[in-house]
Amino acid sequence: MTSTFEQLIAANEKIEPRDEMPDEYRKTMIRQIAQHAHSEVIGQQPEGNWITRAPSLRRKAILIAKVQDEAGHGLYLYSAAETLGISRDELNELLHSGKQKYSSIFNYPTLSWADIGAIGWLVDGAAITNQVMLTRTSYGPYSRAMIRICKEESFHQRQGYEIMMTLCDGTEEQKAMAQDALDRWWWPSIMMFGPPDADSTHTEQSMAWGIKLETNDQLRQKFIDMTVPQTEFLGLEIPDPDLKWNDERGHYDFGDIDWDEFWTVVKGNGPCNRERIAHKRKAWDDGAWVREAALAHAAKQHARQKEVA
Amino acid sequence: MSYDVPIIEGEAEVTFGGGAGAFPLWEVFVRASRGLNHVHVGSVHAADADAAMQSARDVYTRRNEGVSVWVVPSSQIHASDPHQKDAWFDGDHPYRHPTFYDIPDEVGHM
């Protein structure tokens, strides 16, 4: 006899918080939603780096709105993770102690304004490719958070591409800035989909449980196929000499990815790993008095109301 | 933003015990426009109702998603037991639906 869980998965129905589910499913879901939430939160840092130096008031207002969206996305996702029985404080602690990871892409520095364009266009573009798939994921609260996030993420990608278009229509130096940003962000962006299917240990189980609906390599190919024409429109060049259209496959072929670099960054030795976590911990510690004061205020108000009653 | 962070060899398995965070949890309901019900959209942590309202607005209504917000302490929500689903929501009674009844076409729209 199959369990209710298996019947629901087979019928393509969503799993909801109080349903029975295998421990492994719960653990996988917590891990995936948590690292997704952590990524949104840490993702504020590389972009926040340019808020004070945005080239115009228009760009500044847009960037603030985008960074605020990332915070919001983190909160939708933490709230989804909490429905599985883990607390917000535990999730914070797991991020601060490095026991849970976030996307390695945020361990690269934002060196010029063009990086803000490249992040919106490529990093958010890669994220959307993955997230559109995740709107159909089997865990209800995660799927609902993804639907909300996808609606907002489209603005992120378009504003990034607009920055790139503006730079490419500008002076030679501005166009060179755009090319330099593409050169640095291209490979890390296509690594965001994770290791190749042959080396991805949990893909098979995740697909059986309806958590993932497409494999890392399928999503990566989809992203590359979409991005090449966008790059041609900008008049920029993707830093991959092996990139070319394959008529037979109906897809672009691309060069070998440096997985050693990928694992180095995942294991904590990327350019900004330590800085990102140190900054996050400091913000958390510096905010302790605010949280304490808010709780003290709430307790006082509560006591006063009781007195009146 | 999202991605796939693979498991690193020797990565510690995370254990979790649940338990409440320092700030209580509030469920958030938003009315999209006049004439519609408030609909559950998610939750926020906040010290008190005022702070929960503020946070709910910032987190869930950045793009005119609503004209009204409710917050309710999560601990005050009473829910049906998923294990009792069959007893609570047992089989359909077709005679409760209009299509159960055959009315001749001559009678006209009913």
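Look up a bit, the structure's there.
Calculation criteria
Residues numbered from 1 in each chain as written. Chains lettered and ligands numbered in written order. Predicted model: local features only at pLDDT ≥ 70, side-chain atom pairs only at ≥ 80, totals over all residues. Heavy atoms only, no water. Helix = DSSP H or I, 4+ residues; strand = E, 2+ residues; numbered from the N terminus. Polar contact = N/O pair within 3.5 Å; in protein donor to acceptor, adjacent residues only side chain to side chain. Contact = heavy atoms within 4.5 Å. Buried < 20%, exposed > 50% of the residue type's maximum accessible area, 1.4 Å probe, protein only. Pairing = 2+ DSSP bridges. Axes fitted to C-alpha atoms, helices over the stretch in contact; angles between N-to-C directions.

Asker: An account of the side chain of B:T61 is needed here, citing residue identities and associated values.
Answerer: Residues and elements named next belong to chain B. Within the secondary structure, T61 sits in the loop between α1 (49-60) and β3 (68-73). At 2.8 Å, the side chain of T61 forms a polar contact with the backbone oxygen of R57. Here T61 is in contact with V30, A56, G66 and V69, once residues within four sequence places are set aside.

Asker: Which residues make up unusual backbone geometry, and what values do they have?
Answerer: A positive phi angle is found at A:N12, which is not glycine, with a value near 65 degrees. Within the element layout of this structure, A:N12 appears in the loop between α1 (4-10) and α2 (23-42). On the basis of relative accessibility, which here comes to 67%, the residue A:N12 falls in the exposed class. With a phi close to 55 degrees, B:N64 is a non-glycine residue in the positive phi region. Locating B:N64 in the fold gives a position in the loop between α1 and β3. Given a relative accessible area of 74%, B:N64 falls into the exposed group.

Asker: Describe the sheet that holds strand β1 (residues 25-31) of chain B, with residues and values.
Answerer: Residue and element names in this part refer to chain B. Taken together, the three strands give an open sheet; going across it, the order is β2-β1-β3, and neighbouring strands pair in antiparallel fashion. The sheet is open, and its two borders are formed by β2 (38-45) and β3, each paired with just one other strand. This sheet shows a mean twist of 30 degrees between the axes of neighbouring strands, independent of strand direction. Where β1 and β3 come together, six bridges link them in antiparallel fashion. Residue pairing for β3: V28 is matched across the bridge by V71.

Asker: So, the environment of A:Y78: which residues are in play, and what are the values?
Answerer: Residues and elements named next belong to chain A. Tracing the backbone shows Y78 in helix α4 (residues 57-82). Once the C-alpha coordinates of Y78 and A208 are considered, the two residues, 130 residues apart in sequence, prove to be 24 Å apart. Y78 has contacts with A37, H38, V41, R88, L91 and L95, leaving out every residue within four places of it along the chain.

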